[in-house]
Amino acid sequence: MDYTIVIPAFNEEELLPRTLASLRTAMAAVPQYAGEIVVTDNNSTDRTAAVAAAGGARVVFEPLNQISRARNAGAGAALGRWLVFVDADTTIPPELLARTLDTLAAGRVCAGGAYIGTSDPLPPKVARTLGHWNWLAPRLRWAAGSYVYCTRDAWAGVGGFSLNVYASEELWFSRAVRRWGRRHGQSFEVIPIAVDTSMRKVAWFGPWRLFKQLCLILLFPFALRSRRLCSIWYHRPPARKPGTPPPQP
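Below is a short write-up of the structure. All values derive from a computational prediction rather than experimental measurement.

1. Quick word on the overall build of the protein
- The number of helices and strands found in the protein is eight helices and eight strands.
- On C-alpha atoms alone, the protein measures out to a radius of gyration of 17 Å, which is about the 18 Å that the 2.2 N^0.38 rule sets for 249 residues.
- Counting only C-alpha atoms and orienting by the principal axes, one finds that the protein spans roughly 45 × 40 × 35 Å.
- The buried share of the protein, reckoned over its 249 residues, is 50%.
- Sequence-distant contacts, at least 24 apart, represent 76% of the contacts inside the protein between residues at least 6 apart.
- Of the roughly 11,600 Å² of accessible surface on the protein, a fraction of 58% belongs to carbon and sulfur atoms.
- The protein carries 29 positive and 18 negative side-chain charges, and their two centres are separated by 8 Å.

Following this line, the structure appears as structure tokens:
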């Protein structure tokens, strides 16, 4: 197996089918590489596991509700020598997966990410923030959680995603894997192709609460060690009634 796509999923029955369909299309466009999809059901209370299985994914279970644990559980069960982590609310263009696999096959890069895009309507300030991220990420060599890729050796070499934090684990991983790569003569590359990820947190919590969460993390980084203080990553609003349109950011 050349690669495994790992999807950490907590109560994702609504958007997971769209993500899986996107991944199957992308995988079909790179027949020269053998791949699989692993979904980590992170103790969901909805039909996430059933939806994942129906969509052709292999399902593993992680009982402790933490994003890092979900990512690591999926990676630990993976059969591929390369790992691609995709969020359950994210779709990817086929050219991004193709570029990722070609990059890893060349052997010069051990890990990286992609640009963030969205088809959701956004307030201007949030759209500008997204643009700032896409400018900073390749310069600082940060991977956004919606799309992280690496070799299995790099993931294992740094001990996987840190279990000390409940959010921003992709940034901690980016830093650790960059150091690992330098020791092994490999680099970290953010691919300038955007995923399409949901901005549902803007609709759920509003820009002001997200801004306060960001300030909390920047001013008090130890807050990342508390699940309670990282609640926006673990809280889901009540399920919508059938026929009710989704909220708009």
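2. Some words on the nonpolar core
- Judged by nonpolar contacts, the single largest core of 32 residues is most densely connected at I5, L97 and Y147.
- The contacts of I5, once residues within four sequence positions are left out, are L23, M27, E36, I37, V38, V84, V86 and L97.
- The next biggest cluster of nonpolar side chains, apart from the first, holds 18 residues, and it includes A143, A154, W180 and V190.

3. A short note on the pairing of strand β6 (residues 109-117)
- Burial within β6 is extensive, with eight of its nine residues counted as buried.
- Bridge count between β6 and strand β7 (residues 147-151): three bridges; the pairing is antiparallel. For A111, the partnering residue across the bridge sits in β7 and is C150.

4. Notes on the sheet that holds strand β2 (residues 35-41)
- On the basis of which strands lie adjacent, the open sheet formed by eight strands has the order β3-β2-β1-β4-β7-β6-β8-β5 and mixed pairing. The sheet terminates laterally at β3 (58-61) and β5 (90-91), the two strands that pair on one side only.
- Alignment of strand β1 (residues 3-9) against strand β4 (residues 82-86), held across four bridges, turns out to be parallel. Note on β4: the bridge partner recorded for V6 is F85.
- Those strands touched by helix α7 (residues 169-183) are β6, β7 and β8 (187-197), and its axis lies near 150 degrees from that of β6.

5. Remarks on the pattern of salt bridges
- Following the criterion strictly, the structure yields seven salt bridges and no others.
- R200 serves as the salt-bridge partner of D89, at 3.4 Å between the closest nitrogen and oxygen. Residue D89 is found in the loop between β4 and β5, and its partner R200 is found in helix α8 (residues 200-219); the two are separated by 111 residues along the sequence.
- Here the salt bridges do not stand alone but share partners, grouping E12, D89 and R200 into one network.

6. Quick look at the environment of G35
- Position of G35 among the secondary structure elements: in strand β2.
- Taking the C-alpha atoms as reference points, G35 and V60, 25 residues apart in sequence, are found 17 Å from one another.

7. Focus on unusual backbone geometry
- Even without being a glycine, N11 presents a positive backbone phi close to 55 degrees.
- Position of N11 relative to the elements: it lies in the loop between β1 and α1 (16-28).

8. Points about a positive patch on the surface
- Together, R141, R175, R179, R182 and R183 make up a region of like positive charge exposed at the surface.
- As for its position among the elements, R183 is in helix α7.
- Residue R183 is classed as exposed on the basis of its relative accessible area, which comes to 60%.

What counts, and where the lines are drawn
Residues numbered from 1 in each chain as written. Predicted model: local features only at pLDDT ≥ 70, side-chain atom pairs only at ≥ 80, totals over all residues. Heavy atoms only, no water. Helix = DSSP H or I, 4+ residues; strand = E, 2+ residues; numbered from the N terminus. Rg over C-alpha atoms; globule rule 2.2 N^0.38 Å. Buried < 20%, exposed > 50% of the residue type's maximum accessible area, 1.4 Å probe, protein only. Contact = heavy atoms within 4.5 Å. Areas by Shrake-Rupley, 256 points an atom, 1.4 Å probe, with all protein chains shown as cover. Lys, Arg positive; Asp, Glu negative; His and termini not counted. Charge placed at Lys NZ, Arg CZ, Asp CG, Glu CD. Core = buried A, V, L, I, M, F, W, Y, C linked by side-chain atoms within 4.5 Å. Pairing = 2+ DSSP bridges. Axes fitted to C-alpha atoms, helices over the stretch in contact; angles between N-to-C directions. Salt bridge = Lys/Arg side-chain N within 4 Å of Asp/Glu carboxyl O. Patch = residues over 30% accessible without salt bridge, like charges linked within 9 Å, V, L, I, M, F, W, Y side chains within 5 Å.

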